[in-house]
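Each chain, letter by letter, is given below.
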Amino acid sequence: MNGIYKSEQQQTQSTTLEQRVLKNSICFTFIVAGAGVIFGLLCGSMSIVFDGMFSAVDAGMCSLSLLVSRLIAQPLSRRFQYGFLHVEPLVLAFNGSMLTLLCVYAFINAVNGILKGGRELELGWALAYAISVSSICFIIYFKQRRINKKLKSGLISLDTKSWLMSACISLALLVAFFFYWLLEGTRYEYLNAYTDPAALAILTLILIPVPVKTVISAGREILQITPTSLACRMESIMAQLTMEYGFLEHSNYATRIGRGLFIEIHIVIPESMEHYGVRKFDNIRERIAVAIGEEGPHRWLTISFTRNPKWL
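A quick note: this is a predicted structure, and the numbers were derived from the prediction, not measured.

Engineer: For the pairing of strand β2 (residues 260–268), give the residues involved together with the corresponding values.
Structural biologist: Within a regular strand, the side chains alternate between the two sheet faces. Judged by how many residues are buried, β2 sits mostly within the fold: 8 of 9 residues are covered. Across 9 bridges, the pairing between strand β1 (residues 249–257) and β2 is antiparallel. Bridge pairing in β2 places E249 opposite V268. For β2 and strand β3 (residues 299–306), the ladder comprises 8 bridges, and the chain directions are parallel. Counterpart to E264 in the pairing with β3 is T302. Running through helix α9 (residues 278–292), the crossover from β2 to the neighbouring parallel element β3 is right-handed.

Engineer: Break down the packing of helix α3 (residues 87–115) against helix α6 (residues 192–207) for me, citing the residues and quoting the values.
Structural biologist: Put simply, α3 and α6 touch, their axes get as near as 8 Å, and they point 150° apart. The angle between α3 and α6 falls in the class roughly antiparallel. Once α3 is placed against α6, the crossing between them reads as left-handed. Counted together, C103, A106, F107, A110, G113 and I114 of α3 and Y194, P197, A198, L200, A201, T204, L205 and L207 of α6 form the full contact between these two elements. For the contact of α3 with α6, a count of residues per class yields 12 nonpolar, 2 polar and no charged.

Engineer: Now, about the pattern of salt bridges: what can you tell me, with residues and values included?
Structural biologist: Scanning all chains against the criterion turns up 3 salt bridges. Taking the shortest distance from any N to any O, the salt bridge between E274 and R307 comes out at 2.6 Å. Taken as a pair, E274 in the loop between β2 and α9 and R307 in the segment after β3 lie far apart in primary sequence, 33 residues in all.

Thresholds, definitions, all that
Residues numbered from 1 in each chain as written. Predicted model: local features only at pLDDT ≥ 70, side-chain atom pairs only at ≥ 80, totals over all residues. Heavy atoms only, no water. Buried < 20%, exposed > 50% of the residue type's maximum accessible area, 1.4 Å probe, protein only. Helix = DSSP H or I, 4+ residues; strand = E, 2+ residues; numbered from the N terminus. Pairing = 2+ DSSP bridges. Right-handed = clockwise from strand over helix to strand, strands pointing away. Axes fitted to C-alpha atoms, helices over the stretch in contact; angles between N-to-C directions. Parallel < 35°, antiparallel > 145°, perpendicular 65-115°, else oblique. Left-handed = near helix turned anticlockwise from the far one by under 90°. Contact = heavy atoms within 4.5 Å. Nonpolar A, V, L, I, M, F, W, Y, C, P; charged D, E, K, R; others polar. Salt bridge = Lys/Arg side-chain N within 4 Å of Asp/Glu carboxyl O.

Have a look at this one:
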């Protein structure tokens with residue numbers, strides 16, 4: 001009982017820290033988003049406006065992630081007896097979809113800008129934005145990554161990726177604006193008009209795989225597709241125990257939904273084990289549970305023993 005209490009206490013502390021990290025992230029994201037839109041309009045840069053809009057969408061998604069974190073922390077209810085773990089991949093899929101659409105829209109605008117001859121921009125404002133925002137984003141990214149090494153939160157992991165993406169966008173813009181500055185006063189100065197839309201087009205093409213991968217990963221969890229690594233681990237555990245105890249047959253069903261791990265194992269025992277007491281079967285259950293690992297409130301593990309194969 002003491003171990004269970006400690007586990008629940010640690011989970012509560014982790015959830016509290018997760019929510020605090022997400023709250024801080026939302027505040028900084030809104031600041032970066034506002035700065036992006038304002039600086040982008042001041043210097044006439046669509047790539048900076050895109051950076052700001054990317055951050056704005058991310059802020060909205062982060063707010064939704066915070067709501068999900070609070071839902072997951074709530075106790076089970078009669079209507080949601082498995083909790084709210086299923087909401088997490090839904091949010092990740094929605095978040096990734098929104099960012100993907102934003103990248104596609106920005107790419108179309110960038111191509112349209114190039115075809116129309118590009119546009120000039122105010123270099124001073126652009127450089128000031130790129131330097132300051134890229135520094136802020138990288139600092140937050142490294143800080144959140146360090147925290148999430150212990151928490152292992154899917155929501156913070158996605159938010160951390162978003163900060164890395166924002167940092168890379170700002171850094172890439174800084175490089176583009178630097179080349180803009182180098183070309184001024186040279187015979188290639190006419191190319192400066194294409195710097196901003198070209199940078200935007202390249203950025204969107206580089207960034208779009210990140211949210212697409214998030215959507216695919218979340219979609220697998222929504223469809224309850226069993227990860228290959230998890231299936232192999234379960235088969236390995238049961239193969240070892242079958243050799244040791246002489247089980248006649250067994251079946252296992254496992255999947256991940258968000259941070260939740262759901263596993264069912266059904267075992268057909270031989271006649272020699274019919275008279276085993278409850279304690280011996282509990283010891284076998286304990287061995288399986290230890291081998292699976294990931295003990296905690298988000299692991300749902302069911303292990304049954306039978307003599308009749310129809311219950312597999």
